[in-house]
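# Per-entry structural report
The chain contents come next:
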Amino acid sequence: MEVRTSCRWVADHASYVNIDAKSIDKVAEEMNGSMPAVEWDFERIHFCDGGPLTAQYMLVLDALNFCFWPDEELHYEHLARGLRDALFADSKAFDAERLQKYTGPELRQLLKWPRRLPLEDERARLLRELGFVLAKHFEGSAAKLVEKANKSAIELVELVAGHFPGFRDHTVYKGKQVFIYKRAQIFVADLWGAFKGKGLGEFNDISSITMFADYVVPAVLRSWGILSYSACLAEKVDKSETIVPGSEEEVEIRACTITAVESLKEKLSKKCGQDVTSVQVDWWLWSSGIQNLELATDSADLSRFSKLYEEWWQSLVVNIGLTPRRNTVSVKAQTKPAIFPTGRSLMAYNDYLVSSFEMRRSTCILQPKTGKFW
Ligand SMILES: Nc1nc2c(c(CN[C@H]3C=C[C@H](O)[C@@H]3O)cn2[C@@H]2O[C@H](COP(=O)(O)O)[C@@H](O)[C@H]2O)c(=O)[nH]1
């Protein structure tokens, strides 16, 4: 696909970002032939009724799935949950006619966010565009759009990028067109996850899409030594300075992340003895990133890492009243977490392996070791 090849080209010509093949080998080696299979919606925050409204929700969600900063309290989960609750309250909230009318303040109100959203007016504009195009070409229905792709992930990415300018995530780098398509691809993966690969989520070529070039996964890869930045770029990132959209630095970070995940996926497939998809690797990296970013970015400082980890672990143990969810069990006894030098962590609890945890809320999700891991 064009995303994979054009990003490879950027990685080969990059000036600010480097991919370290040895670190990729090391991470694949440490996974020891198994890798946590992160479940879609592991946080239980999405709307999912198994029907066309879920496709409508996903398209709205992914139209807005970007830039949750500089508001330090706003995260992806607020968007996913806010839109879900809005649908619970009014199942017609995402009808194409309604989408065409949203203003920034109305979107904020819909999400029950107490202050202005980042890029609020642009977000509302994207919603209106979504409603207009859906009404004009797809009888107002995201499900109809999905059906037009004939169970092809690539076809759906192309349909989405072709019809909705707001999803057209491509740019020009050193005179060459580069395709990233983060949100168009995430939409496909979300459908695949929500419908468990069936019905509106059935795609015969799901392995064709790449990871979704956001700002969480590169931070994880950098903390593991897979990505490294030139001194000037490293300084900007470390000082949280804005990297200009479309700049060589930004394109290199995104394209090198995609290319590095492709290499990691290939290594993991060999080690695991079966095909690993970029979506699986993405969900694994992204979930470790959002749950562990503070640790991950500081993983060079192992002692600080261990201390933070220990504090988190203690708070988890103290906080035994975990909300019971599917695949979630209370922690009654503890097993010390294994800390890998790369900053990743896996913990075992009897026959369960902690596949994901949420530092902010001191909760964790435990999945049976058998069947869910490979
Ligand atoms: N690579 C990648 N990036 C992803 C997601 C998702 C959510 N996907 C859902 C689907 C399956 C899972 O169960 C997830 O719940 C969001 N993002 C990006 O992260 C950033 C948000 O960060 P913070 O500001 O800390 O909330 C922002 O750029 C957002 O666009 C993903 O899956 N992969």
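Residues numbered from 1 in each chain as written. Predicted model: local features only at pLDDT ≥ 70, side-chain atom pairs only at ≥ 80, totals over all residues. Heavy atoms only, no water.

## Looking at the overall build of the chain
What counts, and what does not: Under the DSSP-based scheme used, a helix requires at least four consecutive residues in state H or I and a strand at least two consecutive residues in state E, with every element numbered from the N terminus. Burial classes follow relative accessibility: with a 1.4 Å probe on protein chains only, a residue under 20% of its type's maximum area counts as buried, one over 50% as exposed, and anything between as partly exposed. It only takes one pair of heavy atoms within 4.5 Å for two residues to be counted as in contact. Residue-level accessible areas treat just the shown protein chains as cover; the underlying method is Shrake-Rupley with a 1.4 Å probe.
Per the secondary structure count, the chain includes 16 helices and 8 strands. In the chain, which comprises 374 residues, the share counted as buried stands at 55%. Excluding contacts between residues fewer than 6 apart, the proportion of contacts in the chain whose partners are at least 24 apart in sequence is 70%. Here the chain displays about 16,600 Å² of accessible surface, and carbon together with sulfur accounts for 53% of that area.

## Focus on the site of the ligand
Short version of the rule: The nearness test applies per residue and asks whether one of its heavy atoms lies within 4 Å of the molecule or strand. For the purposes of these results, a polar contact is taken to be a pair of N or O atoms within 3.5 Å, where, inside protein, one atom must be able to donate a hydrogen and its partner to accept one; residues adjacent in sequence count only when each atom of the pair is a side-chain atom.
N65, Y76, K182, D282 and W286 are the nearest of the 19 residues found near the ligand. Contact between the ligand and H75: an oxygen atom at 3.2 Å from a side-chain N or O atom of the residue. Within the contact set of the ligand, an oxygen atom lies 2.8 Å away from a backbone nitrogen or oxygen of Y76. In isolation the ligand has 670 Å² of accessible area, and contact with the protein removes 96% of it. For the shell around the ligand, the elements supplying multiple residues, two or more each, are α10 (182–194) and α14 (278–297).

## What about the pairing of strand β2 (residues 170–173)?
Heads up, the rule is: Pairing between two strands is assigned when DSSP locates at least 2 bridges connecting them.
Relative to strand β3 (residues 176–179), β2 runs antiparallel, the two sharing 4 bridges. Each bridged residue has a counterpart across the sheet, and for H170 the counterpart in β3 is F179. The antiparallel hairpin formed by β2 and β3 contains 2 residues in its connecting segment, where K174 sits at a positive phi of about 45°.

## Focus: the pattern of salt bridges
So the rule is basically this: Here a salt bridge means any side-chain nitrogen of Lys or Arg lying within 4 Å of a carboxyl oxygen belonging to Asp or Glu.
The tally for this structure, following the rule as stated, stands at 21 salt bridges. One salt bridge connects R4 with E262, and the closest N-O pair in it is separated by 2.8 Å. Of this pair, R4 sits in helix α1 (residues 2–12) while E262 sits in helix α13 (residues 248–272), and the two are 258 residues apart along the sequence. The exposure class of E262 is buried, given its relative accessible area of 7%. Residues K271 and E29 are paired through a salt bridge, measuring 3.1 Å at the closest nitrogen-oxygen approach. Placement of the pair is K271 in helix α13 and E29 in helix α2 (residues 21–30), with a sequence separation of 242 residues. Where salt bridges share partners, they join R108, R116, E120 and D121 into one cluster.

## Notes on the nonpolar core
To be explicit about the condition: Grouping buried Ala, Val, Leu, Ile, Met, Phe, Trp, Tyr and Cys residues that are joined through side-chain atoms within 4.5 Å yields what is termed a nonpolar core.
Of all hydrophobic cores here, the largest spans 107 residues; its most connected members are L83, L156, W284 and L285. By residue number, the principal contributor to this core is α13, which donates 9 residues. Contact partners of L83, with chain neighbours within four places excluded, come to Y57, V60, L61, L64, F94, L110 and L111.

## Things to note about the packing of aromatic side chains
What counts, and what does not: Any Phe, Tyr or Trp ring, taking Trp's six-membered ring, that has another such ring centre within 6.5 Å forms a pair; planes under 30 degrees apart are called stacked, those over 60 apart edge-to-face, and the others tilted. A ring is considered to have a charge above it if a Lys NZ or an Arg CZ atom is located within 6 Å of its centre and within 35 degrees of its normal.
Counting across every chain of the model gives 9 aromatic pairs. The structure contains a cluster of three or more aromatic residues connected by ring pairs, namely F47, Y57 and F88. Over the ring of F68 we find R123, and its NZ or CZ is 5.4 Å from the ring centre. Its end group placed over the ring of F167, R183 keeps NZ or CZ at 4.9 Å from the ring centre.

## Some thoughts on α13
Each α-helix turn comprises 3.6 residues. Residues three or four places apart therefore point the same way. In plain terms, the rule: Each residue after the first adds 1.5 Å to the expected span of a helix.
Taking 1.5 Å of rise per residue, the 25 residues of α13 would be expected to cover 36 Å, and the 35 Å separating its terminal C-alpha atoms lies within 8% of that figure. With 19 of 25 residues buried, α13 lies mostly within the body of the structure. In the stretch just after α13, G273 is the one whose phi turns positive, near 70°.

## With respect to the packing of helix α3 (residues 52–63) against α10
Rule in force here: Throughout, an axis means a line fitted to C-alpha atoms (over the contacting stretch in the case of helices), and angles, computed between N-to-C directions, take values from 0 to 180 degrees. With the far helix as reference, a near helix turned anticlockwise by less than a right angle produces a left-handed crossing, and one turned clockwise produces a right-handed crossing. Only Asp, Glu, Lys and Arg are considered charged in this grouping, and only Ala, Val, Leu, Ile, Met, Phe, Trp, Tyr, Cys and Pro are considered nonpolar; every other residue, Gly among them, is considered polar.
Where α3 contacts α10, the axes come no closer than 9 Å and their chain directions differ by 150°. Helix-helix and strand crossings are classified by hand; for α3 and α10 the assignment is right-handed. From α3, T54, A55, M58, L59, L61, D62 and A63 reach across to α10, where they touch R183, I186, F187, D190, L191 and A194. Broken down by class, the residue content of the contact of α3 with α10 amounts to 9 nonpolar, 1 polar and 3 charged.

## Let's talk about unusual backbone geometry
Residue P70 is bonded to the preceding W69 through a cis peptide linkage, with omega at 10°. Positive phi, normally seen in glycine, also occurs at N150, with a value near 50°. Along the polypeptide, N150 turns up in the loop between α8 (142–148) and α9 (153–163). Residue classification places N150 among the exposed positions, given a relative accessible area of 62%.

## With respect to the packing of α3 against helix α7 (residues 120–137)
Counted only if it meets this: Should an angle fall under 35 degrees it is taken as roughly parallel, and over 145 as roughly antiparallel, whereas 65 to 115 is taken as roughly perpendicular and any remaining angle as oblique.
Between α3 and α7, the least distance of the axes is 9 Å, while the angle of their chain directions is 140°. The angle between α3 and α7 places the two elements in the oblique class. Between α3 and α7 lies a crossing whose hand is right-handed. Across from Q56, L59, V60 and A63 in α3, the residues of α7 making contact are L126, L127, L130 and L134. Grouping the constituent residues of the contact of α3 with α7 by class yields 7 nonpolar, 1 polar and no charged.

## Focus on the confidence of the model for the chain
Caution applies to low-pLDDT parts of the model: their predicted coordinates are not meant to be read in detail. The condition that has to hold: Every residue gets a pLDDT, meaning the predictor's confidence in that residue, from 0 to 100.
Taken over all residues, the pLDDT of the chain has a mean of 82, while the share at 70 or more is 77%. The model gives residues 312–374 a pLDDT under 50, and that stretch makes 153 contacts with residues more than four places away or in other chains.

## Observations concerning α3
The first and last C-alpha atoms of α3 sit 17 Å apart over 12 residues, in line with the 16 Å expected at 1.5 Å per residue. α3 sits mainly inside the fold: 10 of its 12 residues count as buried.

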